[in-house]
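# Architecture and fold: a report
Now for the letters of each chain:
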Amino acid sequence: MAATEPFFCSRAARARGDAIAGTAPHGVVWVLVEHRRGWPANGFDGLALEPAVKARVYGAAQAARARVLLVRRYGRRTPPGPGPRWAVLRHDGSGAYRQWWGTWRDDGDLLGIVEALDAPGEAGRPPVVLVCAHGQHDPCCAMRGRPVARALSERWPELVWECTHVGGDRFAANILVAPDGVYYGGLDGGSSVAAVEEHLAGRIHAEYLRGYTDLFPPQQAAVAAVLRRFGPAGRHDYAVIETAREGDRWRVRIGGRPPRPAALDVEVRGHRTSPTRLTCRGAARSSTVAYDVTSIRGG
């Protein structure tokens, strides 16, 4: 009897041609905790920390609607410095993104995160490039994420971290650039270097773009379509001015900075996909909502 071929959700998603635009999870605050050893399947929740410390950090993160991610350098290398780091990254919508960094050796040092979540943070720091490589959560994240982390770390060793689950296993390899709040997916070593290089130069392309995390899925799909039509642009060169919904359709009005179109009306239609297996570890079949751009007017 022939052995059953192993199932990989990212391979299946590519074969199906799953739409990638409009799939970035919503979020504007991220907490990073450096943990150089193996990661539990449930990330920060699974760390053997002092319960009172973990509860305070987790409660503060929930209140701020922040996502907590474990991070480490590629290869689990130990960089020089005072010890493992933690950070609070905040997207404030103005482009003056905020960051607060600290270090920790004892569990109690992580309580600095609670204070940082209530503080504005420092502007002007370079963004952080997070590559999901959480193999205990989903094999595709490790299989596709680690080669991407290696390629990016060779180019930008100070900016790049591996991280725990960021959502969308089937789109591995996934990258989150924070606190910019930009998700990319479906990457490999070469395409990831090109995408990050362009991002850092202020040119975000539609290819591989899952979405901007301060926008909701139909808005993300609309912005991606505009970038595809009119070419790459900076993170704040386009802004969503208005969104109106009628049933399964949205009209998203987008304003652009010169020399880009000043006003565009993007029509987006949502539809539910057929149930299918979406992750490597979950055998149950689920459906998702995909977004098709049916027209772009103006410009």
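Now for a look at the structure at hand. Quick caveat, the model's predicted, so the values are computed rather than measured.

What counts as what
- Residues numbered from 1 in each chain as written.
- Predicted model: local features only at pLDDT ≥ 70, side-chain atom pairs only at ≥ 80, totals over all residues.
- Heavy atoms only, no water.
- Pairing = 2+ DSSP bridges.
- Helix = DSSP H or I, 4+ residues; strand = E, 2+ residues; numbered from the N terminus.
- Axes fitted to C-alpha atoms, helices over the stretch in contact; angles between N-to-C directions.
- Contact = heavy atoms within 4.5 Å.
- Salt bridge = Lys/Arg side-chain N within 4 Å of Asp/Glu carboxyl O.
- Buried < 20%, exposed > 50% of the residue type's maximum accessible area, 1.4 Å probe, protein only.
- Right-handed = clockwise from strand over helix to strand, strands pointing away.
- Disulfide = S-S within 2.5 Å.
- Parallel < 35°, antiparallel > 145°, perpendicular 65-115°, else oblique.
- Left-handed = near helix turned anticlockwise from the far one by under 90°.
- Nonpolar A, V, L, I, M, F, W, Y, C, P; charged D, E, K, R; others polar.
- 1 Å grid on protein atoms, 1.4 Å probe; cavity = no way out; pocket = protein on both sides within 12 Å on 5 of 7 lines; lining within 4 Å.
- Points joined across faces, edges and corners; volume = space filled by probe spheres on them.
- Phe/Tyr/Trp six-rings, centres within 6.5 Å; stacked < 30°, edge-to-face > 60°.
- Expected span 1.5 Å × (residues − 1).
- Bend = angle between axes of the 7 residues up to and from the residue.
- Arc of directions from axis to C-beta.

## Description of the sheet that holds strand β11 (residues 238-246)
- Overall, antiparallel pairing links the 4 strands, which are arranged β11-β12-β13-β16 in an open sheet. Only two strands of the sheet have a single partner each, and these edge strands are β11 and β16 (289-298). In this sheet, adjacent strand axes meet at a mean angle of 25 degrees when their direction is disregarded.
- Looking at chain direction, strand β12 (residues 249-256) and strand β13 (residues 264-272) are connected through 6 bridges and run antiparallel. Residue pairing across strands places R249 opposite R269, the latter belonging to β13.
- In the packing of helix α6 (residues 217-230) onto the sheet, contacts are made with β11, β12, β13 and β16, and the angle to β16 comes to roughly 50 degrees.

## Section: the pattern of salt bridges
- Under the defined criterion, the tally for this structure stands at 17 salt bridges.
- Of the charged contacts in the structure, one is a salt bridge between E162 and R72, with a shortest N-O distance of 3.1 Å. Of this pair, E162 sits in strand β7 (residues 160-163) while R72 sits in strand β2 (residues 67-72), placing them 90 residues apart in sequence.
- By relative accessible area, which is 2% here, E162 ends up buried.
- When salt bridges that share partners are traced, they join E242, R251, R253 and D265 into one network.

## Some details on the pairing of strand β6 (residues 128-132)
- The buried fraction of β6 is high, at 5 of 5 residues.
- What you see with β6 is no split at all: V128, L130 and C132 on one side and V129 and V131 on the other are buried throughout.
- Note that β6 and strand β8 (residues 175-178) share 4 bridges and pair antiparallel. Directly across from V129, in β8, lies its bridge partner V177.
- Where β6 and β7 come together, 4 bridges link them in parallel fashion. When the bridges of β7 are listed, V129 appears paired with V160.
- For the segment spanning β6, helix α4 (residues 139-155) and β7, crossover handedness is right-handed.

## Here's the deal with the state of the cysteines
- On inspection of all chains with the given rule, the structure shows 0 disulfides.
- No disulfide involves C280; its sulfur sits 3.4 Å from that of C140, the nearest cysteine.
- Taking relative accessible area as the criterion, C280 reaches 9% and is therefore assigned buried.

## A closer look at the packing of α4 against helix α5 (residues 189-200)
- Two elements in contact, α4 and α5, have axes separated by 8 Å at closest approach and are oriented at 45 degrees. Classified by the angle between their axes, α4 and α5 sit oblique to one another. For α4 against α5, the interelement crossing comes out right-handed. Here α4 contributes V148, A151, L152 and R155 to the contact with α5, which in turn contributes G189, S192, V193, V196 and E197.
- Classifying every residue of the contact of α4 with α5 gives 5 nonpolar, 2 polar and 2 charged.

## Looking at the layout of surface pockets
- Quantified by volume, the largest pocket comes out at close to 310 Å³.
- Around the largest pocket, the lining is made up of 17 residues, and of these N42, D45, Y58, R67 and V68 lie nearest the centre.
- The set of elements that each furnish at least two residues to the lining of the largest pocket consists of α2 (51-63) and β2.
- Of the residues that constitute the lining of the largest pocket, the class distribution is 7 nonpolar, 7 polar and 3 charged.

## Examining the packing of aromatic side chains
- As enumerated under the stated definition, the model contains 2 aromatic pairs in all.
- Judged by centre distance (6.2 Å) and plane angle (25 degrees), the rings of W101 and W161 are stacked. With W101 in strand β4 (residues 98-103) and W161 in strand β7, this residue pair connects regions lying 60 residues apart in the sequence. Grouping residues by exposure puts W101 and W161 together as buried.
- Look at W250 and Y291: their rings are 5.7 Å apart centre to centre, the planes differ by 65 degrees, and that puts the pair in the edge-to-face class.

## Regarding α4
- Between the first and last C-alpha of α4 there are 25 Å, a value that for 17 residues agrees with the 24 Å anticipated at 1.5 Å per step.
- Helix geometry: α4 is bent most strongly at G145, by close to 35 degrees, with proline P147 lying one to four residues after it.
- Taken as a whole, α4 has its buried residues at C140, C141, A142, G145, V148, A149, A151, L152 and S153.
- Looking at the buried side of α4, the elements it contacts are α1 (9-16), β6, β7, β8 and α5.

## Considerations on α1
- Among all positions of α1, only C9, S10, A12 and A13 are buried. Along the axis of α1, the buried residues cluster in a sector spanning 160 degrees; they form a single face.
- Along its buried surface, α1 packs onto α4.
- G17 lies just past α1 and shows a positive phi near 75 degrees.

Any link to function would need more than the numbers given here.
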